[in-house]
Structures are given as C-alpha cells and as structure tokens.
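# Commentary on secondary and tertiary structure
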Amino acid sequence: MGKPFTEELKLNYDLLNWVSELNLDALKKSIESCRNTTVYIIGSGGSLSACYLLEFLFEQIGVVAKSVTPLEVMYSKKNFSGSSFFLVSSSGKNKDILFAFKSIIKENPKALHTICMAKGSPLSKLSDLYSKAKVYEYEIPTGRDGFLATNSLLAYFAIFTRVFSELKALNVLKENVRDISKTIKEFSDKIDASYTLFVLYSGSSKCVAMDIESKCIEASLCDLTTADYRNFGHGRHNWFDKRPQNSAIVLLTNNIDRSLAEKTIKVLPEAIPSIIIDSKCQFPMSSIDQLLQSFRLVQELGKNANIDPGRPGVPEFGRKLYNLSYYSIFKEKFSVSTRAYNSIYRKIGALDIVNPKLLKAWNKNYENFIKKIKSEKLTTIIFDFDGTLCSSLKRYEGVDNKIKSRLIEILENGFLVGISTGRGKSARENLQTFIPEKFYDNVFISYYNGFEIGSLGQNELPNLKQDAEESILKSYEILKSKLKGYEASIELRPGQITIEIESKNNAVKLKSYIRGTILSHADLNVQILESDHSIDIIPRNTSKLSIVNFCKQQEKTLGLKGSYLCIGDKGMWPGNDYKLLGTSLSLSVDEVSLERDTCWNLASLGLSNVEATEEYLSKIRFYKNHMKFEINK
C-alpha cells in the first residue's frame, strides 16, 4: 500500500507549477463572501494541516475562523447557524467528512464549501443535493498520495496561498530545500527513532508543525509533541531537564518569529540536538517553504526508523478504525416532522429548539401556518427579485433559468405575478426577455421598494426624470458628504438612495455608520433597508406592500377572487422584505422573522434562495379559478 515517499517528493515542484495555472476565481469569490461570518474549517488527518493554514489566512483578514475535526463538529454545532464552512478532504470519501457534512447541513449554515483533490467524490455528490453547498474539485496531476498526505497537502497550501496572495518565487523554494538538506542530515544523524521531538512554532507556522506531528505519528517515525514558543515556556521545557538524553527540538521560524526563536534556543541546554527550519519568504509563501523543508525532515526521520513514510504498512485494526461506522450514535430523534423541525430551527435557533416546551409551542404555530397556507385559494404570487428569483452572486444575469418556466406556468393558467424590488428598469428589462408579451398585463413591478408601480409593458417606468423627494434629496446630501473618502458608491434616484459598500475590511462598520447617520437625523422621515448587495434609503411612506393593493385592484378588473402569496429572502428587519413577508401568507427562502403566524421558511434541508423558490413553486397546484400551495407537513 502507498507510494515511496522519496518518489512523491520528486513531484513537488511539478505540482506547484500546476497550481499556478489553475483558475481559482470561483473559490476566491466564495472565500470573499465569508468575510462577515464566523468560519469553521473541517478536516481529518493530513488535511487538518491545510485547515490550520486556511484558518490563519482568514484571521489575517479579520475573519474569526476555527479548525475542527469532524467529531468536534458534533460538540460545536450550537454555534453553527449563520456560520460559513469549508470541508477539506483530499479524496472526499472518508466517513468522517461525510458525517461532518450531514451534521452541518442540518444547522442552517450560511454557506458550506467542500474542497477536494479528486473529482466526482462521494462528498461532491452529497454537496450537489443542497443549493447551499458549493463544490471545488481539483484533479491533482501527481495522482493519489501514498500513506501520508503529501502532494495533495502541498496543493492545498499552494491553492490557499494563491487565493489570499500570490504563488511566486518557486525557484527560491527549491534552493531553500537544497540548502537545508545537509543540515537535516546532520540533525538526523544525532538522533534515532527513540528520541522525542519537540516542534516549536508561532501562528503562521502552526500548520507546518501540525503536519510534522501528523506525519511522524501516523507513520510511527518517532515520538513528537508540539507547542508554540511561549506555551513551551510554561512547563513543557521541564522535559529537557528530566529527559535530556533522548530529546531533540525542531524550531520553525520566519520573518515574524525568528527573534523569539533565537531567544528561546539560547536559553536551552546546548547539548540538546536542534534544527531550525527557517523561511525568509513572506507569509503565506513561508508556509509552503517550511512545508517543503519539513517533508525532507520527515524523509530522514523515516530512514532513522527504517520506515518508508509513504508506505509504512497498515494493520487490520487500523483499517477497521478508519472505516468505523458511528453515525447512528449521534443520530437525533425529533418529536416533530423533519420539515417542522427545520422550519422551527430557522425561527428560534439551536439553543431554544432543544427545549421541549418551546418546540411543542412552536410546532403548534407551524401546524397552524401550514393549515392556513394550504387552505387558501391563491390568485396572485408576489416575489422579491434579488436572492429570490435570481441568485445574489449572479444578479447581473437576471431571473434564474429554473424559475422562468415556473413564472410562465402561473401566467398561462390565468393568474397574476407581482415583483417587488429595490431595482429600477433592469428588473423590467430582464423579465421582458423571457415573458411573452401577451402576459405583460398580468405582470406588475414595484420599483425601488414600492416607489413606483406599473405593468411589465410600461417601458416608461420607472420615471427617472421626476424630481427626487425632498427627504431623499436631503438624505443624499448628508450621506454624500459623510461617505466621501470611504469605499462606498452612492446613487440618487427620485425615490431611493442606493449605497453599495465596496470596502472589504470595514463593510460592517460602514453599514453601521450609515444607519447611525440617518437615524441621528430624526427629521429626515426616511427608512433604511438592506439586501445582500446594498443599503437602500427610501421615503418613510414608501413600502413594498404597495404592490399588494395594486395587484388586488388588477384582480378585480380580471374577475379574479382569491388570496396572494408573498415570497422573499430578507424577512428579518432591516432586511428589505420584512414588510412584504409580514403579510399573512408569506414564505421566506432565507432569513425569517420571529413572527409566529407568518414569514416561515419551509424549504427542504440545505435549500435556500433561488432553489427554495423553485421548490415552493413546484408545490403550486392549478385549479380552474385559483392556485393552491400543497406541501406536506
């Protein structure tokens, strides 16, 4: 089993050249979208070392990130709602990573990303079932690793480096490995397999220290422990006093911690064998540099132990442990239906749903809502646009293809479609590209969050030639002055100010600053709404609800008698759908309010936004004079 470790190392630089040519744009976008969330990174074995690197990279851009193993997922999940996840697995097929995925998807994550070094893995196929999950697969040219994660791990390091920075100076890395080879040989000659190694590191080197530990223990090369430089000073140094005869030390250093490492080694007894694995590269290239050097250290330690790290041999009990089935131990049994549990979870979260009294009370609310929405005879469905009919990440592409046929089906059966959006004419122009002109009089658009309303055929709307409302104009002048010099664009329309935050580092603070600025001027008589991509300021008397009355009037004209259903994604204030989804019959495809009798998210596990809308519309049944929303409890 496995491959000769030496042969694997010969492919390191070919692999780095391959990574330098990869298109990583989609992964970069996913990582960028996590800036305002807490990030969990999950991996096992060698992949866990890559998790530590990704964790540190996120921390360098101000994102709270934590690496956990699949088992630790079970004990951290009460914090998971609204967090983002990265599952790192080379093969994407071990039971632990699949178990972690199944556990996380139940916890209403903001986003779930899987990154594999193989295509078509079980993890990839599992991810394809859920719209919240995004898959990134890279078929490494070096083939499967031997027993230890080697070239797949190097690929993760290089990919993450490119996503956050640059992959450069590869020739320097090769020279550094060549230069340290002699030093590594001299160090390994001073020790044998009975020695205990202490690997000392600081923040950016932790990922490499963890990998040295993983490789030495997994391949049974030597005893080894790790500590950061200062935690080592809190008692662990005592090992060298009591067991000096078979202890050695490995120091990982770079431009950040070299001075601390030098101070540390000066204090230790000179007789203790030591080696410094140093990189003069800037982080994160320093991590790749240290990783490549550490591979050569592992190679020499293997010679000392007379074990090839690439194929150390695996006992039968080891295979059984790797494939151990334990999912049933953690399987939860609910006293309510699966859909009810998921919907209630979205309302009250992980901490309250474990309270039996609260769960029972909310299940009653859920059942009442299901009974109500199934019994109503519908004649109009009103949608939010961005995040509901089209993906926020693909908003310039307009209504998703999966939704288009569903909208036309409603119109072909003689019923009405309403669109309530913060957009202007771009919404109308996109709808006109696929809705037949014969249906234009049955489609109504509320522009700029309700400022103007008209049918799909009214190309003169929205009217941008009219003067801006006084409250809007005054707010614009204040904000224009306040936002000068900040990374934010501000656009004035007659009934709306649209602000898009371009700052990557201070988006949350800037949003708070804008809200505070407007709220400190009580006389402005405006309201603030937020979507995924912008903040909208609109007059206080403007509302997305205005389209409801407009549609009811049109129903009378057409002789329709029935109810209307509203569908949007931002049901919790200050989300721009909170009024629309405050109506009696409303469904969210993402965020919900705490209202008991409306604004429920009934979508199946792992579905959100466009995919949830598509699921809702698949539950619509058409009758002669009405539609019904038929969903199982």
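Preceding block: the structure.
Residues numbered from 1 in each chain as written. Predicted model: local features only at pLDDT ≥ 70, side-chain atom pairs only at ≥ 80, totals over all residues. Heavy atoms only, no water.

Further remarks concern the pattern of salt bridges. Applying the stated criterion across every chain, the model contains 22 salt bridges. Here Arg-258 and Asp-278 are joined by a salt bridge, their closest N and O atoms 2.9 Å apart. On the criterion of sequence distance, the pair formed by Arg-258 in helix H13 (residues 258–267) and Asp-278 in strand S9 (residues 274–278) is long-range, its members being 20 residues apart. Residues Lys-552 and Glu-555 are paired through a salt bridge, measuring 2.9 Å at the closest nitrogen-oxygen approach. Of this pair, Lys-552 and Glu-555 are both found in helix H23 (residues 546–558), three residues apart, which corresponds to roughly one turn of the helix. Among the residues examined, Glu-555 registers a relative accessible area of 2% and is labelled buried. One salt-bridge network, in which partners are shared between bridges, spans Arg-258, Asp-278 and Lys-280. (Salt bridge = Lys/Arg side-chain N within 4 Å of Asp/Glu carboxyl O. Helix = DSSP H or I, 4+ residues; strand = E, 2+ residues; numbered from the N terminus. Buried < 20%, exposed > 50% of the residue type's maximum accessible area, 1.4 Å probe, protein only.)

Among the six residues in strand S19 (residues 586–591), five count as buried, and that is most of the element. As defined by bridge partners, strand S18 (residues 563–570) adjoins S19 across four bridges and the pair is classed as parallel. Paired with Lys-570 across the strands is Glu-591, a residue of S19. (Pairing = 2+ DSSP bridges.)

Counted by the stated rule, this structure contains 27 aromatic pairs. Seen in terms of ring centroids, Tyr-40 and Phe-85 are 5.5 Å apart; in terms of plane orientation they differ by 15°. Their pairing is stacked. A residue pair is termed long-range when its members are at least 10 positions apart, and Tyr-40 in strand S1 (residues 39–42) and Phe-85 in strand S3 (residues 84–89) qualify at 45 residues. Each of the two residues, Tyr-40 as well as Phe-85, counts as buried. Plain terms: the ring middles of Tyr-326 and Phe-330 are 6.4 Å apart, the flat faces sit at 80° to each other, and that makes the pair edge-to-face. Exposure remark for Tyr-326: the relative accessible area of 13% places this residue in the buried category. A network of ring pairs unites the aromatic residues Tyr-75, Phe-99, Tyr-326, Tyr-327 and Phe-330 as a single cluster. Stacked on the ring of Tyr-13, the Lys or Arg Lys-174 has its end atom at 5.0 Å from the ring centre. (Phe/Tyr/Trp six-rings, centres within 6.5 Å; stacked < 30°, edge-to-face > 60°. Lys NZ or Arg CZ within 6 Å of the ring centre and 35° of its normal.)

Along its 14 residues, helix H4 (residues 47–60) runs 20 Å from first to last C-alpha, staying within 8% of the 20 Å computed at 1.5 Å per residue. Inspection of H4 places Ser-47, Leu-48, Ser-49, Ala-50, Cys-51, Tyr-52, Leu-53, Leu-54, Glu-55, Phe-56, Leu-57 and Phe-58 among the buried residues, and these make up the whole buried set. (Expected span 1.5 Å × (residues − 1).)

On to the sheet that holds strand S17 (residues 535–539). Overall, antiparallel pairing links the four strands, which are arranged S14-S15-S17-S16 in an open sheet. Among the strands making up the open sheet, the edge pair consists of strand S14 (488–493) and strand S16 (526–530). Across the sheet, the mean angle from the axis of one strand to that of its neighbour is 20°, orientation sign disregarded. For strand S15 (residues 496–501) and S17, the ladder comprises three bridges, and the chain directions are antiparallel. What sits directly across from Thr-498, in S17, is Asp-536. Strands in contact with helix H21 (residues 470–482) are S14, S15, S16 and S17; relative to S14, the strand with the most contacts, it is inclined by about 160°. (Axes fitted to C-alpha atoms, helices over the stretch in contact; angles between N-to-C directions. Contact = heavy atoms within 4.5 Å.)

The next subject is the nonpolar core. Judged by nonpolar contacts, the single largest core of 77 residues is most densely connected at Phe-58, Phe-86, Ile-159, Phe-160 and Ile-288. The element best represented in this core is helix H8 (residues 151–164), accounting for nine residues. The next biggest cluster of nonpolar side chains, apart from the first, holds 71 residues, and it includes Tyr-341, Ile-348, Ile-410 and Phe-415. (Core = buried A, V, L, I, M, F, W, Y, C linked by side-chain atoms within 4.5 Å.)

In short, the description is geometric, and any link to function would need to be established separately.
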